[in-house]
Amino acid sequence: MLRIFTVLFGAAAVLFIAGVLSVTYLLWRMSDDLPDYDHLADYAPPIMTRMHAGDGQLIAEYAKERRMFVPIEAIPERVTYSFMAAEDKNFYEHQGLYFKGILRAIVANIGNLIQDRRMEGASTITQQVAKNFLLTNERSLERKIKEALLSLKLERAFTKAQILELYLNQIYLGMGSYGVAAAALIYFDKPLDQLTIAESAYLAALPKAPSRYHPYRNRERALARRNWVIGRMEENGFITAYEASVARAEDLVVTPRRQGAQVVDANYFVEEVRRELYGQYGETKLYEGGMSVRTTLDTGLQTKAAKALRDGLVAYDRRHGWRGPVSRLESGENWQEALSEMTLAEDLTPWTFAAVIGLEKDRVKIGVRPEKEISGELVEDVVIGYIPLSEMEWAREFLSTKSRGAKIKEASDVLAIGDVVYVEPLSKQEDEPGTYTLRQIPQVNGGIVAMDPYTGRVLAMVGGMSFQTSQFNRAVQAKRQPGSAFKPFVYAAALDKGFTPSSLILDAPFVMDQGPGLALWKPENYGHRFYGPSTLRLGIEKSRNVMTVRLAQNVGMRKISDYAKRFGIMDKMPAVLSMSLGAGETTLMRMTAAYAMLVNGGKKVTPTLVDRIQDRRGKTIFRHDTRECIGCRVDMWDNQEMPKLPDTREQVLSAQTAYQVVSMLEGVVQRGTGRTISKLGRPLAGKTGTTNDERDAWFMGFSPNMVVGVFVGLDEPRPMGKGETGGKVAAPIFKQFMADALGDQPAIPFRIPNGMNLVRVHAKTGLLAQPGDDNVILEAFKEGTGPRAPEAPIIYEEPIAANDNGDPLAQPTRRRTPTSLSSGTGGLY
C-alpha cells in the first residue's frame, strides 16, 4: 500500500508540475500575444462635433458615436460612486482582479449551469476596460484569460483615476450614447454636475444591458435596477440612508435630446454649416473629431426669419386658392390610427393633420392627429375641433395662377367627410378653444438671409418653407435672376462715372438690334409707359427699366460687368444690355453680401456662417476674423491707449458713392416700389426685384446695422401670377421680419461719410429747391458737384438704337448742347 501510495503521489506530483508548467507556458505565450495597450495613455476616442450659435446655445451635434470626453477631475463623485456600486465596489482595493468575486461567480454559475439560467460575471472595471478597448466580446476561456492578464498589466501601467477615466468615457449606455457625459445629456438633457443621485444611479444601471433597462419599453425593470444601485451605494457608504430614501422616491423622468439640429428653425443654417465642415475637414474629422464650432447664428433672429418667410409664403398661396386635401380616408377607416401613421414635418409645428368627421353649413368638425409621447405611445385624449367658415373663405378652387373658382358660401364647398388636411390652432383671445384654421403647404417657396453688413456674419438664414419636406436651400443653392434688385449696381457705376442723383435720364422708347434674323429688343417699364426726362433717383425709386438700359449704355456694360464681379454677384456676367436689368443668375446669399457692401461704405465682406472652430483640445483651427489685435493681450490695465484693430477690408466702392446709392434706396422705401416698408417708421432702405412674368420676386433691404435679402419663386421657374411682384410678395416678408427684429430698438440714421453735401432739391425734378417749394428732399452730392438751378439749360442725348454690347448704332441721334451751364453739374442723357 505504501508503495502504491508513493507511486500515485509521485504521478500526481509529476502531473501537477506538468500542469503548472503547461499553464505557465500557456500564460507566457498568451501574455506575449497580448495587444499593445500603450496607446491608451494617449486616449483619443471618437467625439461628437458640437455646433453653437453666436450666443452659445447648442444648435447641433454630429457623431457616429455620441460621446463627450470629460477628464476624471470633472466627473462628480456621485457619478463615479454610482458606477463603482453597480460594477466594482472594491475598485480601489484590488489590482485588476477581484478573486473573491471570481470564486463567488464560479460557485454561483455551477448552479446557473445546472438550472439553465443566465451566467453571472465577476469582471472588475479594469477588466471591462481591457475588454472594451483591446479585446472582442467573444465568449471564450482564452478571451477571459487574456482579459485577466491585461487587467494586471493595466493596473501597473496606469493609475486608478486614469483607468476610471477610460471606463467612464468609453462605455456604451444606450440610446446612442457613449460615456457618462453624453448619456447625461441624451437621457436627462443635463451636464454631469447637475445629475441627481437617482439619475446617476440610473446611468450606472445601464452598462449590463442598456436595452434591458430602457426607460420606456422596460420602465418597471429600469426602476428596479436603479433602486438596486441606490441600495448598493447606501450599503457601501457612498450616500446616507436619507439620501437613498429621497433618491428611491424620485420618479424616472427621461427627456431625450434630439440628434442633429437642436433648433428646429435652424435646420437650413445647420445643414449648410455641416456641408462646409464636411468639405473642409472630411467625414472622420466631422463625425469623430470632437470639434467645437461657434457659428454666427442669432437664434432669436432665426426664429423671426423662419416665421416671416412662412407667413409670406402662406399669404401668397392663399391668394391663389385651394388645391385640395392631403389625402382621403377610406370608408370606415379609423381616423385616429390613420392620422397617427402619417409623417408630420416637425418644422411645420404648430401645423398638424386633421380628418373631417362632420359637416355643418358654417363650420367643419375635425378630429385632430393624436400626439405621441417620446416613447412612441399615443396620448389617449381625443382632440375634436372645428374650422369656421371664416377660416375657409380663402379656399376657392385653384384653377391657375391667374384664376380661382367661385366664392365659398358654405363649408361643403371646400371639404368633405373623410378629407385629411393641414390645420393650425388659432390663438387669438376672441377665438373659442378648439378652433382651427385651414392650411396647405404652398407650392411657391423662397429664402431669407440676414447679415451683419460690416463683417459678413450671417445672423439668420432660412432656405425654404420646411427643411423636412425639402432640403434644397434656396438661400445658397438656387440660382435665380435678381431682376431690378441688380439696378443699384448699375447706378453705382454711373455715379462713379460722374453722374449725380439729380442727373436726368430720358425715359423713352429704346430699341436694340440683336443681330441678323433676330427681332429688335425693346425693353419696357413694368407699367408699359414712358415718363420722359427723369432723375437717377426717380429712376431707381420707381424701378424704371428703360432708364436703366439707357444709363447702362452710357456707362458701358463692360464696366457694369466688372462691378458685378467686384461685388461678388456674378463672376462672369455677359457684357450685354439685358444684364443691366438683372437677367443674369445669382444666389440670395451673394446678393445680400453685395448689398452689405453698399451699407458699410463700400468695403468688401465675405459671407460667413462660422466665427471660430476649435479642435478637441481647444486649439483654434479656424477663425473668420484673422486680424491681429496688437496690445489686446495684457496682464492688467495701466491707462494705456485702447488697442485699434486694423481695417483690412478691400475698398470696392468709394464711401461717397455707396452713400449716394443708400440714400436713393431710402427713397425706394419712402416714395417708391418699396413704400409699404415706410410704415415701420424707421431708417430703412431697399430695392424690389421682379423678373419677366413674375417668375422671381425679390426684396433686398437694410437698416444701418443689418442687411436682409428675401427671394420668393417656384422651384421650377414659372409665372407666379399677375401682380405678384417683389413689392407685393417679398417686401411684406422683409417688413414683418424687420418689425420683429428691430422691436423697440432706438432708430439709428444711416452714416454719412466725409466729402458729402446734403442739398435741398425738388424730389421729382432734382432742381435746386426754391423758397416755398413743395416735395423737397435732401439730396447727397459729392464735394464739387451739386444740383442744377431751375434756369440752367440741359444736355439732351438720346441714342435711337444700340447693338447687343450697348454700343450706339450708326443711326441719327438727337442732341442739344448748351454753350454753358449756369450752375451745377446735372444734365439730361
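Before reading further, recall that the structure is shown in the block above.
Residues numbered from 1 in each chain as written. Predicted model: local features only at pLDDT ≥ 70, side-chain atom pairs only at ≥ 80, totals over all residues. Heavy atoms only, no water.

Undergrad: Explain helix H20 (residues 726–742) to me, using residue names and the numbers behind them.
TA: An α-helix turns once every 3.6 residues. As a result, residues three or four positions apart point the same way. The largest bend along H20 measures about 25° and falls at Pro732. Buried residues of H20: Gly726, Val729, Ala730, Ala731, Ile733, Phe734, Phe737, Met738, Ala741 and Leu742, and no others. Looking at the packing, one finds that the buried side of H20 touches helix H12 (299–318), strand E15 (445–451), strand E22 (685–690), strand E23 (696–703) and strand E24 (706–713). In the segment just after H20, Gly743 is the residue with positive phi, at about 50°. (Bend = angle between axes of the 7 residues up to and from the residue. Helix = DSSP H or I, 4+ residues; strand = E, 2+ residues; numbered from the N terminus. Buried < 20%, exposed > 50% of the residue type's maximum accessible area, 1.4 Å probe, protein only. Contact = heavy atoms within 4.5 Å.)

Undergrad: Account for the pattern of salt bridges, with residues named and values stated.
TA: Pairing between side chains of opposite charge can happen when the charged atoms of each approach one another. Evaluated as defined, the whole model comprises 31 salt bridges. Note that Arg323 is salt-bridged to Asp317, the shortest N-O span being 2.8 Å. Residue classification places Asp317 among the buried residues on the basis of a relative accessible area of 3%. In the salt-bridge network here, residues are joined through shared partners; they are Arg537, Glu541, Arg671 and Glu779. (Salt bridge = Lys/Arg side-chain N within 4 Å of Asp/Glu carboxyl O.)

Undergrad: An account of the sheet that holds E22 is needed here, citing residue identities and associated values.
TA: An order of E16-E15-E24-E23-E22 is seen for the five strands of this open sheet, with the pairing classed as antiparallel. Looking along the sheet, the strands with just one partner apiece sit at the ends: strand E16 (458–462) and E22. In this sheet, neighbouring strand axes are inclined to one another by 5° on average, regardless of whether the strands run parallel or antiparallel. As paired strands, E15 and E16 are joined by four bridges and run antiparallel to one another. For Met451, the partnering residue across the bridge sits in E16 and is Val458. Docked against the sheet, helix H19 (residues 655–671) engages E22 and E23, running at close to 70° with respect to E22. (Pairing = 2+ DSSP bridges. Axes fitted to C-alpha atoms, helices over the stretch in contact; angles between N-to-C directions.)

Undergrad: Quick one: what's the story with the packing of aromatic side chains, residue by residue and with numbers?
TA: The final tally for this structure, using the stated rule, is 20 aromatic pairs. Judged by centre distance (5.7 Å) and plane angle (75°), the ring pair of Tyr187 and Tyr202 falls under edge-to-face. Placement of Tyr187 in helix H7 (residues 180–188) and of Tyr202 in helix H8 (residues 197–204) is noted, with a sequence separation of 15 residues between them. Neither residue differs from the other here; Tyr187 and Tyr202 are each classed as buried. An angle of 55° between the planes, with centres 5.8 Å apart, marks the rings of Trp351 and Tyr422 as tilted. Taken together, the residues Trp351 in the loop between helix H13 (335–341) and strand E8 (352–359) and Tyr422 in strand E13 (residues 419–425) connect sequence positions 71 residues apart. By the burial criterion, Trp351 is buried, and Tyr422 matches it. Taken together, the aromatic side chains of Phe486, Phe489, Tyr563, Phe567, Tyr595, Phe702 and Phe750 make up a single cluster linked through ring pairs. Positioned above the aromatic ring of Tyr386 is the side chain of Arg363, whose terminal nitrogen or guanidinium carbon lies 3.7 Å from the ring centre. Across from the ring centre of Tyr531, 3.8 Å away, lies the NZ or CZ of Arg544, which sits over that ring. (Phe/Tyr/Trp six-rings, centres within 6.5 Å; stacked < 30°, edge-to-face > 60°. Lys NZ or Arg CZ within 6 Å of the ring centre and 35° of its normal.)

Undergrad: Describe the nonpolar core, listing the residues and the values that go with them.
TA: Judged by nonpolar contacts, the single largest core of 86 residues is most densely connected at Phe567 and Tyr595. The leading source of residues in this core is helix H18 (residues 588–599), at 10 residues. In this structure, Phe567 is in contact with Phe489, Ala594, Met597, Leu598, Val652 and Leu653, ignoring residues within four places of it in sequence. Ile186, Leu192, Ile230 and Leu252 belong to the second largest nonpolar core, which has 59 residues in total. (Core = buried A, V, L, I, M, F, W, Y, C linked by side-chain atoms within 4.5 Å.)

Undergrad: So, unusual backbone geometry: which residues are in play, and what are the values?
TA: With an omega of 15°, the peptide bond running from Thr349 to Pro350 counts as cis. For Met175, which is not a glycine, the phi torsion comes out positive at approximately 50°. With respect to the helices and strands, the residue Met175 is situated in the loop between helix H6 (160–170) and strand E4 (177–178). The backbone phi angle of Asp693 is positive, close to 60°, even though this residue is not glycine.

Undergrad: Would you mind going over the side chain of Thr437 in detail, with residue names and values included?
TA: Its place among the elements puts Thr437 in strand E14 (residues 436–439). A distance of 3.0 Å separates polar atoms of two side chains, one belonging to Thr437 and the other to Arg318. Only 2.5 Å separates the side chain of Thr437 from the side chain of Glu391, close enough to count as a polar contact. With sequence-adjacent residues up to four places away left out, Thr437 is seen in contact with Arg318, Ile387, Glu391, Tyr422, Val423, Glu424 and Leu426. (Polar contact = N/O pair within 3.5 Å; in protein donor to acceptor, adjacent residues only side chain to side chain.)

Undergrad: So what about a negative patch on the surface? Which residues, and what values?
TA: Together, Glu330, Glu333, Glu337 and Glu341 make up a negatively charged patch on the protein surface. For Glu333, a relative accessible area of 37% gives the class partly exposed. (Patch = residues over 30% accessible without salt bridge, like charges linked within 9 Å, V, L, I, M, F, W, Y side chains within 5 Å. Areas by Shrake-Rupley, 256 points an atom, 1.4 Å probe, with all protein chains shown as cover. Lys, Arg positive; Asp, Glu negative; His and termini not counted. Charge placed at Lys NZ, Arg CZ, Asp CG, Glu CD.)

Undergrad: Can you explain a nonpolar patch on the surface? Please cite residues and give values.
TA: Nonpolar side chains collect at one region of the surface, where Met1, Ile4 and Leu8 lie side by side and expose about 390 Å² of accessible area between them. Note that Leu8 resides in helix H1 (residues 2–32). With relative accessibility at 55%, the residue Leu8 sits in the exposed group.

Undergrad: How would you sum up helix H11 (residues 267–288)? Please name residues and give values.
TA: Spanning 22 residues, H11 covers only 21 Å between terminal C-alpha atoms, well under the ideal 32 Å at 1.5 Å per step. All of the buried residues in H11 are Asn267, Tyr268, Phe269, Val270, Glu271, Glu272, Val273, Arg274, Leu277, Leu286 and Tyr287. Within two residues after H11, Gly290 carries a phi angle of roughly 65°, on the positive side. (Expected span 1.5 Å × (residues − 1).)

Purely geometric stuff here, so don't read any function into it on its own.
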